[in-house]
Each structure stands twice: as structure tokens, then as C-alpha cells.
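Reading the structure
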Amino acid sequence: MLKFPFFALCFFLFNLNFSPTDYYHYSNDDTTAVKTKPKKKHPKLDVIVLDAGHGGKDPGAIGTKGYQEKKVTLAIVLKLGELLKTEFPETEVVYTRKSDKFIELYRRGEIANESKGKLFISIHCNSTPEKPTKAGGMATYILRPGKTDAAIKVAARENAVIEYEKNKKRYDALSDIDFILTSMSRSQDVKFSEKFASFVQKELKKSVGLKSNGVEQAGFFVLVGASMPNVLIETAYISNLKEESLLKSSAGQLKYAKGILEAIKKYKEVYEGS
Ligand SMILES: [Zn+2]
């Protein structure tokens, strides 16, 4: 249960983070102290980090017919990377993995930060314990404490891959409080993450045509580490027979890549124009 002092701390940090000096600057003549809006230019969307979920010894979720999540995520990411190269040749595309390789969750964030990424996109597939399932559709997640049981379960399943990592302890301290503090200290990033997530849902609906389960929020470890606007896309349910076939097909994977590309185009305008 969250107690008052915690909220007091949040309030303090919130105000610390949104110090008026972030928004205003003062004239040199401090007798007038005229407030003016800064003319900060938002950076260009010059580096996009594509994160193919799972890989190597971690297959991710496995479909009813045995298709592995790690293959879907890599195929979509590589297709999207190619489309980005053609559409935005001046944009650097960074991959957390380009082959069937195991990469720890914390390392994915580090790669994004080291390359000065401006947008981090993590691709995954949803799944259910029962196979096949009637559950279906697409959802895009941003980092915040989970609001619904379903969202919390999705994050728990994705976070469980740390079982494959040598030093699981590094994630021990991560709790809802960290997700609150992280999202508060990066409130601008969260705003842009939300914007991008809604573009992704809209464009995937047009391009792929599956049911949209909307923009959700939950505490994904992989998103905590990436200090930039970031989202995690659950492309479809690999445990749903129809959706597994779609995820497995090259044509289906291309539909996802095209949809996400369209979302990036829309987002780029908003981000750079802000
Ligand atoms: Zn996954």
C-alpha cells in the first residue's frame, strides 16, 4: 500500500523535475524578470533502435504449431529496418540483435542509450497458457505500473525471460515505485511514447487488420533501461492458430513492418515539429 510520504516524495520529485527553469528563462535584468517561453528545438529523430524480443536460448512464446516468438520478432525487425533505410536514408537504424542471439534485457537498453537512440521499439508476440486460444489482437505498451491484471500478466511473462540471464539480481529492485519514478522523471518521453503507441495501434489496424486491443501500460524491464521514448508491441497471439499463421508468413510480417513504418512517419512529424 502506498503511504502519504511516498506521494510527498513523488510530488517533490515531480516539481524538481519540472522546475520552472525548464520552461522559462529570465532576462538579465533581474528587476524585470520577464518570463519568456524558451525556443528549444526538439532533436531530430535521427536514431531509431529496433529491438527484436528474445533470441538464442530464449525462444519466447511458442505457437500451437511450434513457431517461435524469437523468429517472428527478428523477421519483423529486419523487414522494418530495410523499409526505414529506404524511407529515411539519413536515419540511423540500430538493432539490439540482427541474428538468433541471446541478449539480456538490461543490455538492450544499454545498446539504445549508447547509440543515442531517439525512439526504442521492442517487438513481441502475445501468448496464453492454453493453446490454441480464442484470444487475439494487437496491443502496444508503454512503461508505467500495470493498470489491469491482463497487462500485468503480459509484463510478467515478458519479464520472466530473465530466467535465462546469469545475474537476475540486477532486476530485484524494480517495482511499481521504480516504474512510477521512471515515468515521472521522463515525463516528456512518456508523452511521446504514448503518442507513438497510439500511432502504432492505428496504423497496424489499417495494415494488418487484426483487432486493436489498444494502448496499455505495464512494468516491462526492457523499457526501464532505454532512456528515450519507448514502446513494446505485442503484435498478435502466437497461441491463436490464425494469428500464428499470420505471424509466420513473410507477407504477414511485412504488413507489420509497413504499419510500424507508417506510425514512425506520423510520429516523426510530431516529434520534430514539437
Ligand atoms: Zn516476448
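Calculation criteria
- Residues numbered from 1 in each chain as written.
- Predicted model: local features only at pLDDT ≥ 70, side-chain atom pairs only at ≥ 80, totals over all residues.
- Helix = DSSP H or I, 4+ residues; strand = E, 2+ residues; numbered from the N terminus.
- Buried ≥ 20, exposed ≤ 12 C-beta atoms within 10 Å, placed from the backbone.
- Contact = placed C-beta atoms within 7 Å.
- Axes fitted to C-alpha atoms, helices over the stretch in contact; angles between N-to-C directions.
- Parallel < 35°, antiparallel > 145°, perpendicular 65-115°, else oblique.
- Left-handed = near helix turned anticlockwise from the far one by under 90°.
- Nonpolar A, V, L, I, M, F, W, Y, C, P; charged D, E, K, R; others polar.
- Core = buried A, V, L, I, M, F, W, Y, C linked by C-beta atoms within 7 Å.
- Pairing = 2+ DSSP bridges.
- pLDDT = per-residue confidence, 0-100.
- Right-handed = clockwise from strand over helix to strand, strands pointing away.

This part takes up the overall build of the protein. Looking only at helices and strands, the protein has nine helices and eight strands in total. Going through the 274 residues of the protein one by one, you find that 41% of them count as buried. Within the protein, residue pairs in contact and separated by at least 24 positions form 82% of the contacts whose partners lie at least 6 positions apart.

What follows concerns the packing of helix α2 (residues 69–87) against helix α9 (residues 250–273). At a minimum axis separation of 8 Å, α2 and α9 run at an interaxial angle of 50°. As summarised for this structure, α2 and α9 are arranged oblique, according to the angle between their axes. When the axes of α2 and α9 are compared, the crossing they make is right-handed. Contact with α2, carried on its side by V72, A75, I76, K79, L80, L83, L84 and E87, involves Q253, L254, Y256, A257, K258, I260 and L261 of α9 and no other residues of that element. Within the contact of α2 with α9, the residues separate by chemical class into eleven nonpolar, one polar and three charged.

On to unusual backbone geometry. The amide bond that connects K131 to the next residue, P132, takes the cis arrangement and shows omega of -5°. With respect to the secondary-structure elements, P132 resides in the loop between β5 (119–126) and β6 (138–143). One non-glycine residue, H54, adopts positive backbone phi at about 65°. Relative to the helices and strands, H54 resides in the loop between β3 (47–52) and α2. Accessibility expressed as a C-beta count within 10 Å gives 26 for H54, which makes it buried.

Its place among the elements puts A112 in helix α3 (residues 105–114). A C-alpha to C-alpha distance of 8.4 Å links A112 and M228, two positions 116 residues apart in sequence. Not counting residues up to four positions away in its chain, the partners in contact with A112 are V49, G117, F120, A226 and M228.

F196, V200, F220 and V231 are the most contacted members of the largest nonpolar core, which has 60 residues in total. In this structure V200 touches T140, V231, I233, I260 and A263, once residues within four positions along its chain are discounted.

Strands pair in a sheet through their backbones, by hydrogen bonds, and they do so in one of two ways: parallel or antiparallel. Across the sheet, which stays open at both edges, the six strands sit in the order β4-β3-β5-β8-β6-β7 with mixed pairing between neighbours. Here the strands that pair on one side only, and so sit at the sheet edges, are β4 (92–95) and β7 (212–218). Taking each pair of neighbouring strands and ignoring which way they run, the sheet shows an average axis angle of 25°. Two strands pair when backbone bridges link them, and β5 and strand β8 (residues 230–237) are joined in this way by six bridges, in the parallel orientation. Residue pairing across strands places H124 opposite E234, the latter belonging to β8.

Quick look at the confidence of the model for the protein now. Residues of the protein with pLDDT of at least 70 account for 85%, and the chain-wide mean is 87. In this model, residues 1–34 is a region of pLDDT below 50 whose contacts with residues beyond four sequence positions or in other chains number 19 contacts.

Bridging between β3 and β4 involves four bridges; their strand directions are parallel. Its bridge partner lying in β4, L50 is registered against Y95. The β-α-β motif built from β3, the intervening α2 and the parallel element β4 has right-handed crossover chirality.

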